[in-house]
Structure formats: C-alpha cells, structure tokens
Amino acid sequence: MSEDSLLLRPDREVGIVGYGAYVPRYRLPASEVARVWKEGQDALPVEEKAVPGLDEDVATMSIEAARNALKRAGIEPRLIRAVWVGSESHPYAVKPTSTIVAEAIGATPHTQAADWEFACKAGTEAIQAAMGFVGSGMARYALCIGMDSSQGRPGDDLEYTTGAGGAAYVIGPKEQSLAYIEGSYSYVTDTPDFFRRPGQHYPQHGHRFTGEPAYFKHVLTAGQRLMDELGYKAENYTYAVFHQPNAKFPLKAGQALGFSKDQMKAGLLVSVTGNTYAGSSMLGLTNILDQAAPGDRVLLVSFGSGAGSDAFSLVVTDLIEERRKRAPLTQDYIARKKYIDYGLYVRFKKKLEMH
Amino acid sequence: MRDVSIIGIGQTKVGEHWEKSLRELAVESLQVAMADAGIEEADALYVGNMLGGEFAKQEHLGTLIADFAGLRGAEAFRVEAACCSGAAALRQGYLAVASGLHDIVVVTGVEKMTDALGCITAAGLALAADGDYEASQGLSLVAVHALLMRRYMYEYGAANADFAMFAVNAHRNAVGNPHAMFRQPISRDAFEKARMVADPINLLDSAPVADGAATVVLCPAGRAREFNEQSIRVTASAVATDSVALHDRRDPLFLESAYLSAQRAYRQAGVGPADIDVFELHDAFTIMSALSLEACGFARRGEGFKLAQNGDISLEGPIPICTMGGLKARGNPVGATGVYQVVEVVEQLRGQAGPNQVKGPRLGMAQNIGGSGATAITHILAVPN
Amino acid sequence: MDMPRHWRLKDQRYNLVGTECLSCGAKQFPPRPVCPDCHSKEVQPLTFSGQGEVYSYSTVFQAPLGYEEFIPYTVALVKLKEGPLVTAQLTDVDNDEVRIGMKIEMVTRKLREYGEDGVIVYGYKFRPIGWY
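About the criteria used
- Residues numbered from 1 in each chain as written.
- Chains lettered and ligands numbered in written order.
- Predicted model: local features only at pLDDT ≥ 70, side-chain atom pairs only at ≥ 80, totals over all residues.
- Heavy atoms only, no water.
- Helix = DSSP H or I, 4+ residues; strand = E, 2+ residues; numbered from the N terminus.
- Rg over C-alpha atoms; globule rule 2.2 N^0.38 Å.
- Buried < 20%, exposed > 50% of the residue type's maximum accessible area, 1.4 Å probe, protein only.
- Contact = heavy atoms within 4.5 Å.
- Areas by Shrake-Rupley, 256 points an atom, 1.4 Å probe, with all protein chains shown as cover.
- Buried area = accessible area lost by both parts, 1.4 Å probe.
- Salt bridge = Lys/Arg side-chain N within 4 Å of Asp/Glu carboxyl O.
- Polar contact = N/O pair within 3.5 Å; in protein donor to acceptor, adjacent residues only side chain to side chain.
- Nonpolar A, V, L, I, M, F, W, Y, C, P; charged D, E, K, R; others polar.
- Axes fitted to C-alpha atoms, helices over the stretch in contact; angles between N-to-C directions.
- Parallel < 35°, antiparallel > 145°, perpendicular 65-115°, else oblique.
- Left-handed = near helix turned anticlockwise from the far one by under 90°.
- 1 Å grid on protein atoms, 1.4 Å probe; cavity = no way out; pocket = protein on both sides within 12 Å on 5 of 7 lines; lining within 4 Å.
- Points joined across faces, edges and corners; volume = space filled by probe spheres on them.
- Domains from an automatic or database assignment.

Chemist: Explain the overall build of chain A here, please?
Modeler: Helix and strand content of chain A: twelve helices and 14 strands. Relative to the 2.2 N^0.38 estimate, which gives 20 Å for 355 residues, the radius of gyration of chain A is 19 Å and therefore close to what a compact globule would have. Principal-axis analysis of the C-alpha atoms places the extent of chain A at approximately 55 × 45 × 35 Å. Here chain A holds 355 residues, and the buried ones make up 62% of them. For chain A, contacts bridging at least 24 residues in sequence account for 79% of all contacts bridging at least 6. Looking at chain A as shown, the accessible area adds up to about 13900 Å², and 51% of this sits on carbon and sulfur atoms.

Written as structure tokens, this is what we have:
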C-alpha cells in the first residue's frame, strides 16, 4: 500500500468468521418516560428501548453474544487468542470484563484479554485492532465485543434512548469469513461533546454541540474518506449502518453520504432497542448480516464521543447463508420482549438512592 | 454394650428470649434436668448446637457450658449435624454410656436464633444445605423444601390444603404444653390463606425460628433406680446419612436417611412401626411430616399427607405425632430441637404430658433430621419392664 | 466476600463441568472424586450441554442475605438432559409461567453482588427454550 494511503488494512486479508447479537428481554416504551417527566407530551425520539434484567450486565450480555458468534464461527474456543470487550458500562472500573467472557467461552488461559473504552466506539476499535492482530499472523482468531447497559439521568432526554445490548464478532482469515473486510479508517479529534468524570454516575452531554462538530463531523468524514480510499460511492453499497443515538442522526448522515433509506433500513434498530452505545452500529450490522446475500457490500461507521469514528467496508461471502442459521437472529432478540413501566425500570436500573 | 436410661429431663420455654444468652439458656435447662435426676456432678456433657458460631459469635460451646453449669473439668464438646445437632449430641451421650466409658452423662441442645435478624437467619439456616451448589444459588432452606413439596404435589396429586392438618394438629397440641412457643390453635382456613414464603410453602407451614434449650441426663440402665423411679430406657439409637443436596438424592421424594435410620432403630429395639405409640417427628415443614411418616413405615409412598387428613396423627389416633406441638408450634430452636423431641417422648412415657397425654404409651420414637433429609437420627424410648 | 470459594467453582458456574464415571458411565454434576453409584475413583471431567427441563420449582418471597434485591425469584430443580439434577434459578421467564416439564437451557447471569463495592458472582441460571 502506498505511504499516502490512509486506509487501515493488514497485509493478509481478514474478515468476520462469526457474529452474534444480544438484546435483553425487557422494554421501556418512550411513552412511559414522557408520562412521568413530561405529562405525556413530548416528541419521542424512539418507540422503546431495551432494558437489562436484574441479573444482567455487560459481562453476561457479552457472554451470550460471544457464544452466538462462536456457534456461527464453528471454531474451537481455545483458538481464540484475544478476547476484547468494548463498553462504557463495564461492571468493574478495575477488573476486566474480558477475562470473565474469556473464561465463560473456554478461551482461557492462552489468550490476550483486554477491556476497551471510547464511548460508543469501544467495540469497533477492538475490531480494528483485531484486524491487525489476525492480519499480521499473530493469531488465527480474535473475539471483539461491543456491549453496553447505558444509564440516563432521570428526567434527562437521554432517558428515552439509553438502551442495552450489543454484538460479538470473531475476526479471522478471509478464506473463512462470512464477510471480509476490505479496509478500515478512523477519524479522531479531541472533541469533548459527551463525557463522564470518574465517580460520577451519569454523563454530561453537550446538547447541540454533540451534533455538527461531533457526530456529523466524524461520521461523515470517516465514511467519505473510507469510500474515497477504496474508490467507492454510496451506490456501490447494498447496506449502510451508522452509530444510532436516535433515529434522526443516522438517517441524516447517511443521506449526506448519498445513501437511500432502503440501504439504511436493515441496520437501523434504535427505534426498538434504544441506543445501545458501544453495541449500536455493531448490533445494526448483525441485523444486516442476518439478511444479506453473498456479494453484498456493507459500510459501517461508528461514532464515539470524545470523539472519533471507525469506518469499515465489508463484502458478504458465500459462507453467510449456512453460518447465519446457527444462532438466534437479531430479530429473534428484538421480537422477544416484555414491557415494563417506569417504576420497574427505576428498580432494574437501580436509580433509587437508598438513604 | 450396656443398656442406657434417661434419668432426668429439663427444658426452657421455647420463644424469643431477648434477655437470655446461649449459655444462660443452656444452664437453665441443665439445672432442671440435673435436679430431676438428683445429681450434682457428671462425667461428660455433650452440647448440640448448630448456629452458635454464626449468630452468637461463640464456638467452643461444650466447654463453655460445662464450665458455667458447674461441670468444669468434665469431658465436654459440642456436636454439630445441622438441624439434628440435638439428636447427634444425644447419640454421642448414648455411645459414651453404652460403651461403658462414662456413667453419668448430660446432653444439652441449645440454640439462640433471635440474635440474628431477618435474612441473616435465613442465610444461617441455609448452612444446612449445600453451600456451593444450593445456598449460593439463592436458596434458603425453605426454598429447598418448597422444591420438594411441589414435586411431591405434582407426582401424587396433592394440593397445598391437603397438608393443613399437620399444622393444625401441632398447634392444637401446643395449647396444652406450657413450654411451647405458640399456644394458640390455628384453623385450616388460616393455613390455606397464609402468605407464601417460597411457594408452595406458606407462613403457617414453616416451623418458627426460636430460642430454647433442653437437657436429658443418661446413665447405665442398671443404675437408673438410684436416681429416678421413672427412668426411661433408650432401646435404640441410630444414625443414617444421604447426600446433603436435594439434587443429589437418588430419589428426591424419599427420605432415605430417615428410612435407614428408622430401620436400624427398629432392628436394634426389636420392634416395628406398629409398636410405636408416640412419634415425635421432624415437622420443620408439613412436607417433612408426610415424608417422615412414609419413610418410617407408617404410610405408603405418596400417602403420608392422608394420615393428617383422616386424623390418624392426632393424640387419639393410631400414630400421634407432635404431641407437645412439634417443631411447628412448640418451636424449632434448631440445635436444641432433637433434645426437645426426646424430652417430650419421656414426658409421654412417664405419663407427665398433662392435657396432651396419649393413653398408656409404652414405646416412643423421636426422629431429628438435618437439612432437607441429609442426616436422620432416630431414638426409640421405652418404659422399662 | 468469599472470593477464593467462588473462584474455585468457575468451571462449574460458567460451563457446567461435572464428571463421568469411566467404570459405570454414570454422570454427575457437581463433579465428584468418587462415583456415588459404583464407588469407582475412575472419573473424568464432563461438560454438560446445558439443556434440561424443570423437575420442580418454587418462587421465593423471602431471600437469604445477599439475594434480597432479586425478590421474587424462582428457583428450580433442573433435570439436565444427561441425567443429573441441578439446583438453579430460572430467568427470563415470568414467575407464574413456570411449569414442571418446561424445557430450558443454561445461560450465564449474575448470581449476586457483595454490595456496591464488592465482588460480582456470576453463574448458571436457566431460561425456557423455544423463544426463537
């Protein structure tokens, strides 16, 4: 590759050997948030969001997504040499989620394990690292997970959308991939649009500052730059999936890049799952892989506040049809739901301060 | 092996003894028993207790109580077998006398549960279950028995209400026992409407947490007359075990430990179920009453609960159980319960059961069970010829 | 906080690793050093599939210390496909929907925490199959 190319691509081609989704069972309708905080009168940015049960957290959700990915990959877990979990809501501030997942899937002890963070792109950056890990020949397979159980301050608009869920990907050689990665690109600046200091329970978000200078600047630049480097345009893609903090932002970004609503439909889950943060674009991708045909090209652009976007261009292979059947589909998780009201939500998310 | 007799009994009232400590309760019952036997000294003291360490932060109870009871220097140690620690201590005392090693042996069961509160009590009792594979899964001992009861109900077509008379009978008998914790009768209706603790076990189906101490004094049968005209012979003492965890049982709906223990006891005493006039069984929950009756040969499998429905278990029936209130209404200070059961059989055999007196009993059986059926210790007592 | 005790059990808690007897073929969970059926010491590790059915169940309304935040929850005796019974909580199911005979599968969930600043214990629970 020429020194002027900004494309992130290893010498040996790699791709997705297995993928798995996870969305918890409980749903809080956005109308419930509006009922409690706005007397039922507000524009609802999503229909409903997924809420984890009392016995769930990023570790347990990651374990299930990883098991699904392994089922699809059909490989011995001991061949996974890196287990990487990206999240904004790791169960411990110090003590990795990745070792719990690695142990639970049988990848220990001969494995690299690490937790990643960068707001909502904590999972996609692990995929980029895995591309290098696998593409360099250091390891045959690496497992990357983006998963969150996000928290919104009660009464804040974020409460409508802070959801739970995510996805796991086994990265391996192109020859074994159900979708191979043509290339990746990251666009990063120091932009404090949304952040949380240690010891604080809820994040601060910059309201309109999170839009143009943050989400759009990074998503659009990363998406465009990747396509330029690869010599593609929107019409070369069957699908496009973007980070989804709400339903409006990804549609607006996609349209600015030349994508149609049809191209973005399959990847857009935020209305029924809420914003799954580090899981967001990765979960959207699982829904795409659940229905894509061999030869379909997919653009994925994540966004993490702080800020940065990771973009990937993928092509689905012949292996997709047989592999997708081996584990529950994303729509199976989405269809599995039990509604809760705001009161149970407060209990589940431990928002009550016990004095 | 020598024959063994009980020459003295003593018990405290069962209840919430906020003002009395473990050692005070034990010594109180000890003093009554030793006075009943007319003794001032003893060769050995065995103390049955399950949760002294956990709730009162006191282990080393055998020695502590011996000292405070005025028996410093005697052989003494605590015996533990979860909820059948009391009967285990009695077993130890029986062996000490039967072997010829000691002549005057005191056995005390004591428990002080009210020093722990709420869910700590439940966590303590769960120590009788498998810690790594039952308690860690969030089960209390009630929940373990609830799993047992629900499967029993499923296999034998029994309903919750079918067990009511076990509780009703126990409470009815407690009215006439001045040492009992709950001396009010309860109705079938109240049982059927009681709040669930772990379904299908409700509040009126579970023996209450309590404080109490009971003591018996043993000596070789050949010397019993020196101490008490109304000595009672221990004609059998037998222990059997099964798995601790309910899920490890070969047949979860059969109390194998109770069966084996009873069989060994019957053989030792040369008797069968038909000879038993009084049965103080381990009614921690009504399901255990039903299963105990089945395991000990008083009912066929799956029919134990029918003995409650048809009144066979009442004082007037062919197999009176819980004659002084049982664990349910006299109370269940766990490590002491096994000794209370024996004290009550002695009262019956001596004719000292007051309003609860069963007519002319000659043989009584006491069976104390640890956990959900992990350990069973059976004693058969007889009026000497 | 019992860290070492829980840590020792992770193969069982995360992956249902038990034993099978090489002499008589009996399978055990939890694992055993001696076969309870034939008393042979020739046992080796066996990972159970996690498939099973409800043998009995109970909804708990009064929990022991450490589990109060989850009340009311349902515990069960689970008959594993391979034979042994195991005690576990059920999850992802309404308490009043549980039935004896219900087919279930193992998932890994939080068993308890030791307070807000303590260790988190993860382990097996079971949920109904047939949701997809």
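Chemist: Can you walk me through the interface of chain C and chain B in this structure?
Modeler: With 36 residues of chain C at the interface, the matching set in chain B holds 30 residues. Taking both partners together, chain C and chain B bury about 2900 Å²; carbon and sulfur atoms supply 56% of that area. Taken together, the connections running from chain C to chain B amount to three salt bridges. B:Arg250 is the partner of C:Asp37 in a salt bridge, and the nearest nitrogen-oxygen pair spans 3.5 Å. Across the contact surface, chain C and chain B share 18 residue pairs in polar contact (both at pLDDT 80 or more). When contributions to the side of chain C that touches chain B are tallied by element, the ones reaching two or more residues are helix H1 (3–8), helix H2 (10–15), strand S4 (51–60), strand S5 (73–80) and strand S6 (85–89) of chain C. Each residue belonging to the side of chain C that touches chain B can be placed in one class, and the counts come to 23 nonpolar, eight polar and five charged.

Chemist: Help me out: how do you make sense of the interface of chain C and chain A in this one?
Modeler: In many reports, interface size means the accessible area that the parts give up when they come together. On the chain A side, the residues contacting the 25 residues of chain C number 24 residues. Interface of chain C and chain A: buried area, both sides summed, is about 2200 Å²; carbon and sulfur atoms make up 45% of it. Our count for the contact surface shared by chain C and chain A stands at ten salt bridges. With a closest N to O distance of 3.3 Å, A:Arg25 and C:Asp94 form a salt bridge. Take the side of chain C that touches chain A: its biggest share by element is six residues, from strand S7 (residues 103–113) of chain C.

Chemist: What should I look at first to understand the side chain of B:Ser372 in this one?
Modeler: All names here are of chain B. Its place among the elements puts Ser 372 in the loop between strand S10 (363–370) and strand S11 (375–382). There is a polar contact of 3.0 Å between the side chain of Ser 372 and the side chain of Arg 249. The residues contacting Ser 372, other than those within four sequence positions of it, are Val 144, His 145, Leu 148, Val 244, Leu 246, Arg 249, Leu 255 and Met 288.

Chemist: Explain the packing of helix H5 (residues 211–230) of chain A against helix H6 (residues 248–256) of chain A to me, please; I cannot follow it from the model alone.
Modeler: All names here are of chain A. Packing of H5 against H6 brings their axes to within 10 Å, and their N-to-C directions diverge by 50°. Comparing their axes, H6 and H5 come out oblique. For the pair H5 and H6, the crossing hand works out as right-handed. Seen from H5, the contacting residues are Gly 211, Glu 212, Tyr 215, Phe 216, Val 219 and Leu 220; seen from H6, they are Phe 249, Pro 250, Lys 252, Ala 253 and Ala 256.

Chemist: Explain empty space enclosed by the protein here, please?
Modeler: Using a probe with the size of a water molecule, rolled over the atoms, empty space left in the structure can be pinpointed. All names here are of chain A. Evaluated as defined, the whole model comprises four cavities of 30 Å³ or more. Of the volumes computed, that of the largest cavity is approximately 50 Å³. Every residue lining the largest cavity is listed: Ile 16, Ile 127, Ile 171, Ile 181, Leu 285, Leu 300, Phe 312 and Leu 314. Two domains each put at least three residues into the lining of the largest cavity: domain 1 (14–178 + 323–346) and domain 2 (183–319).

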